[in-house]
Amino acid sequence: MASKAVNRKKTRTAKPRVAGNFSSVRTLARPDEWALNMGLKVDGRPFSLEGREYVKQVIRDTSDEIVIPKAAQMAFTVTFLTRTLHWITQRKWHHLYLLPLKTGAIPFVQSRIDPIIDSHTFLRSAFKTVDNRLHKQSAESINLYIRGTNIERELQEIPVDVEVWDERDRMVEDNLEDARHRMDGSLVKKLTMLSTPTVPGHGIDAEDGWWASDQHLWEIPCPGCNRFQVLDFEDHMKLGDTADECVIECEFCHRQFQDWERTVANAFGRWVPQNLTGRSRGYKITQFNSPSQTTYEIIKGWYLGQRDAKKLKSFYNQSLGRPYVAAGDKFTAQILDGCVMPGHTLGGIPESAVYVGVDVGMSIHVKASTLTRSGMRRTWAMKIFKEWNELDNFFASLNSFVAVIDAHPEKRAARDLSIKYQGRVWLGFELDRPATQEIAVWFPQKFGEAGKCVIDRTMAFDTTIKDYMDGRVILPGNAREQGEFLANKDYNGFYHHMMQMVRVEKEDTQGRIRAFWQKNKNPDHWHHADMFERIATLRSPTLEISSEISNAFGKSSVLA
């Protein structure tokens, strides 16, 4: 009897339930351990962090907002697919997994999500109730929605707790706020944005994206001196005459990193924040930390890019995880500075007719120039008006002018001015690739109706930036001081607005690659006003002869 009692006591002291609870807590907090313990397969291979230890902190991060600009093929998509399935089954949080286009969502589910679910009986059983191409529901009625951003109506009426925006830079910008509002009813509200960057200031690289985060970078130790460092192109890549002669060196002791050493070093790596005041969590990494890319495979894009601008962009985006824009695809401070003429000031007696561009928003931005004998635009006035009567008074002060006003936001007041100043004030309608080969088409003028012109938006912005790059625009000596005051920049609103749009190539609805000028969330009113001014120069001005001059010739006032 005694021995039996002792055995029972030993059984009680083992406390397997406590150990099981501890294991359950770890599983709940660590999606990576959950996937490893289950033996999940991702992309046809067992889930593993070996060589990709940088994933560990990221997959366990429960920050409200995470921003990840990344190089290609760094395993972040499979990371967040794993986390998504973990959070659905373990934390019971509804998810929206967002992709750029609906057409890509179905093959994405079939090739990436379904194989993970099918790799384990637990997941197969969990999602057997509802398991279709764009909607999966667990046995406990927790939903996973997969959507594209190009179908606005499909982003309605799907309340969720967590969202993952995969390839943020390629999404339809106008529909992202609708997507974000799908979490309004949740107390969880977790958003992760990841993307290979495309162009500066857009998408993942926006001021409210990566630049507003705490900007974690991945550091690894040198195999020689053991000093931690972030491998990058400028400080660590020693270029040779060809791609196979390039090596990655330690920034401090200049010891060469062998490819296998970079992989091993990830096991000792660490994430280090660069911006301690960031409001969101940010992670950024390049292919220099990839366990599958050799130095040659990474750097060959740089050499190919010296002869092909598209391949150079691909090198920066895909290999370095950096935004990139070629010359002529975006205004820069240097391009604008190149057009500044020291000593030139605004105002004075116009040397020609005045050409005016007007962009309409919360304020009315007005940019006006005259033309030199060689056809260069010399900036004559830059105004910000609050009321339409101020713009009316400005027009009334001009003798000979042509103005183009943005027609889209406010049609009535602009229409009234066009009728009042018939033949001189035109409503500009921007269209992407209208059915014309001309930069602007001017509609025949009719009495009592507003003058209208249809503008090829892409051609117009292409022409505008070319004018600046060719030095055919003259800016005042204090151009950096023009526009709205900006406290934390070395220029004001004019420069800032001019640099917000970028020329990108995208696939249209018919599968054709087309160039478009894309804006981000920041204001770009001066850029549009400048473009409308450029369009105005294409129109010959009418000249109103005053009654005093007419009387001098014994004639009544006429319109010439």
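Residues numbered from 1 in each chain as written. Predicted model: local features only at pLDDT ≥ 70, side-chain atom pairs only at ≥ 80, totals over all residues. Heavy atoms only, no water.

Enquirer: For this particular structure, what's the right way to read the nonpolar core?
Expert: It is characteristic of soluble globular proteins that their nonpolar side chains tend to be buried jointly. Residues Phe76, Leu123, Ile146, Phe233 and Ile299 are the most contacted members of the largest nonpolar core, which totals 64 residues. Discounting chain neighbours no more than four positions away, the residues touching phenylalanine 76 are Tyr54, Val58, Ile68, Lys70, Leu194 and Ile285. In this structure, Met382, Val402, Trp442 and Ala479 belong to the second largest nonpolar core, which totals 35 residues. (Core = buried A, V, L, I, M, F, W, Y, C linked by side-chain atoms within 4.5 Å. Buried < 20%, exposed > 50% of the residue type's maximum accessible area, 1.4 Å probe, protein only. Contact = heavy atoms within 4.5 Å.)

Enquirer: I keep staring at the sheet that holds strand E13 (residues 247-249) and nothing clicks. Help me out?
Expert: Hydrogen bonding along the main chain pairs the strands of a sheet, whether they run parallel or antiparallel. Spatially, E12-E13-E14 is the arrangement adopted by the three strands of the open sheet, whose pairing is antiparallel. Edge positions in the sheet fall to strand E12 (237-238) and strand E14 (256-257), since each of these pairs with one other strand and no more. Bridge count for E12 against E13 is two bridges, and the pairing is antiparallel. Following the sheet pairing, methionine 237 is matched in E13 by isoleucine 248. (Pairing = 2+ DSSP bridges. Helix = DSSP H or I, 4+ residues; strand = E, 2+ residues; numbered from the N terminus.)

Enquirer: Explanation requested: the packing of helix H11 (residues 295-305) against helix H12 (residues 309-319) in the structure shown.
Expert: Geometry of a packed helix pair, given as the angle between the helix axes and the separation of the axes. Two elements in contact, H11 and H12, have axes separated by 7 Å at closest approach and are oriented at 155 degrees. What the angle tells us is that H11 and H12 run roughly antiparallel. Between H11 and H12 the crossing geometry is left-handed. Here Ile298, Ile299, Gly301, Trp302, Leu304 and Gly305 of H11 come into contact with H12, specifically with Ala309, Lys311, Leu312, Phe315, Tyr316 and Ser319. The residue inventory of the contact of H11 with H12, partitioned by class, reads eight nonpolar, three polar and one charged. (Axes fitted to C-alpha atoms, helices over the stretch in contact; angles between N-to-C directions. Parallel < 35°, antiparallel > 145°, perpendicular 65-115°, else oblique. Left-handed = near helix turned anticlockwise from the far one by under 90°. Nonpolar A, V, L, I, M, F, W, Y, C, P; charged D, E, K, R; others polar.)

Enquirer: Explain the pattern of salt bridges here, please?
Expert: Pairing between side chains of opposite charge can happen when the charged atoms of each approach one another. Summed over all chains, the structure comprises 34 salt bridges. For lysine 420, the salt bridge goes to aspartate 392, with nearest N and O atoms at 3.0 Å. Placement of the pair is lysine 420 in helix H15 (residues 411-420) and aspartate 392 in helix H14 (residues 388-396), with a sequence separation of 28 residues. Relative accessible area serves as the criterion here: at 53%, lysine 420 is assigned to the exposed category. One connected set of salt bridges, linked through shared partners, spans Arg30, Asp32, Glu33 and Arg60. (Salt bridge = Lys/Arg side-chain N within 4 Å of Asp/Glu carboxyl O.)

Enquirer: What should I look at first to understand the sheet that holds strand E21 (residues 425-431) in this one?
Expert: A sheet is described by the order of its strands in space; here eight strands give the open sequence E22-E23-E21-E20-E17-E18-E19-E24, paired in mixed fashion. Here the strands that pair on one side only, and so sit at the sheet edges, are strand E22 (440-442) and strand E24 (473-474). In this sheet, strand E23 (residues 451-456) lies alongside E22 in antiparallel orientation, the contact comprising three bridges. Directly across from tryptophan 442, in E23, lies its bridge partner cysteine 453.

Enquirer: Can you help me understand the side chain of glutamine 137 in this one?
Expert: Tracing the backbone shows glutamine 137 in strand E6 (residues 135-137). Classification of glutamine 137 by relative accessible area gives buried; the value is 17%. In this structure the side chain of glutamine 137 is engaged in a polar contact, spanning 2.8 Å, whose partner is the side chain of asparagine 143. (Polar contact = N/O pair within 3.5 Å; in protein donor to acceptor, adjacent residues only side chain to side chain.)

Enquirer: Sorry, what's going on with the environment of tryptophan 211 here?
Expert: By secondary structure assignment, the location of tryptophan 211 is in the loop between strand E9 (190-195) and strand E10 (216-221). For tryptophan 211 and serine 280, which are 69 residues apart along the polypeptide, the C-alpha to C-alpha distance reads 9.5 Å. Beyond its immediate stretch of four places on either side in the chain, tryptophan 211 contacts Asp205, Ala206 and Asn275. One polar contact links tryptophan 211 to aspartate 205, side chain to side chain, over a distance of 3.0 Å.

Enquirer: What exactly am I supposed to notice about the packing of aromatic side chains here?
Expert: Aromatic rings in a pair are described by how distant their centres are and how their planes are angled relative to each other. Counted according to the given criterion, the structure contains 22 aromatic pairs. Aromatic pair phenylalanine 233 and phenylalanine 315: ring centres 5.4 Å apart, planes at 70 degrees, arrangement edge-to-face. You can see phenylalanine 233 sitting in helix H9 (residues 233-236) and its partner phenylalanine 315 sitting in helix H12, a full 82 residues away along the chain. By the burial criterion, phenylalanine 233 is buried, and phenylalanine 315 matches it. Taken together, the aromatic side chains of Tyr54, Phe76, Trp218, Trp271 and Tyr283 make up a single cluster linked through ring pairs. The positively charged end of arginine 83 is found above the aromatic ring belonging to tryptophan 87, 3.9 Å away from the centroid. (Phe/Tyr/Trp six-rings, centres within 6.5 Å; stacked < 30°, edge-to-face > 60°. Lys NZ or Arg CZ within 6 Å of the ring centre and 35° of its normal.)

Enquirer: I would appreciate a short explanation of the pairing of strand E17 (residues 354-360) in the present structure.
Expert: With seven of its seven residues buried, E17 lies for the most part within the structure. Neither face of E17 is open: one carries Val354, Val356, Val358 and Val360, the other Tyr355, Gly357 and Asp359, and all of them are buried. In terms of strand pairing, E17 meets strand E20 (residues 401-406) through five bridges, oriented parallel. Bridging from a neighbouring strand, tyrosine 355 pairs with valine 402 of E20. The sheet contact formed by E17 and strand E18 (residues 364-371) spans six bridges and is antiparallel. Each bridged residue has a counterpart across the sheet, and for valine 360 the counterpart in E18 is isoleucine 364. Counting the residues in the hairpin turn of E17 and E18 gives three residues.

Enquirer: Would you mind showing me how to read a nonpolar patch on the surface here?
Expert: Residues Trp260, Val264 and Phe268 make up a contiguous nonpolar surface patch of roughly 370 Å² in combined accessible area. Structurally, valine 264 is set in helix H10 (residues 259-265). (Patch = residues over 30% accessible without salt bridge, like charges linked within 9 Å, V, L, I, M, F, W, Y side chains within 5 Å. Areas by Shrake-Rupley, 256 points an atom, 1.4 Å probe, with all protein chains shown as cover.)

Enquirer: For this particular structure, what's the right way to read the environment of arginine 182?
Expert: By secondary structure assignment, the location of arginine 182 is in the loop between helix H8 (176-180) and E9. What makes arginine 182 buried here is its relative accessible area of 17%.

Enquirer: Explain unusual backbone geometry here, please?
Expert: Generally, phi is negative for residues other than glycine and the peptide bonds are trans, each holding for most cases. Backbone geometry at serine 141 places phi at a positive 65 degrees, although glycine is not the residue there. Residue position: serine 141 is located in the loop between E6 and strand E7 (143-148). Of note in this structure, lysine 189 is not a glycine but carries a positive phi near 50 degrees. Within the secondary structure, lysine 189 is located in the loop between H8 and E9.

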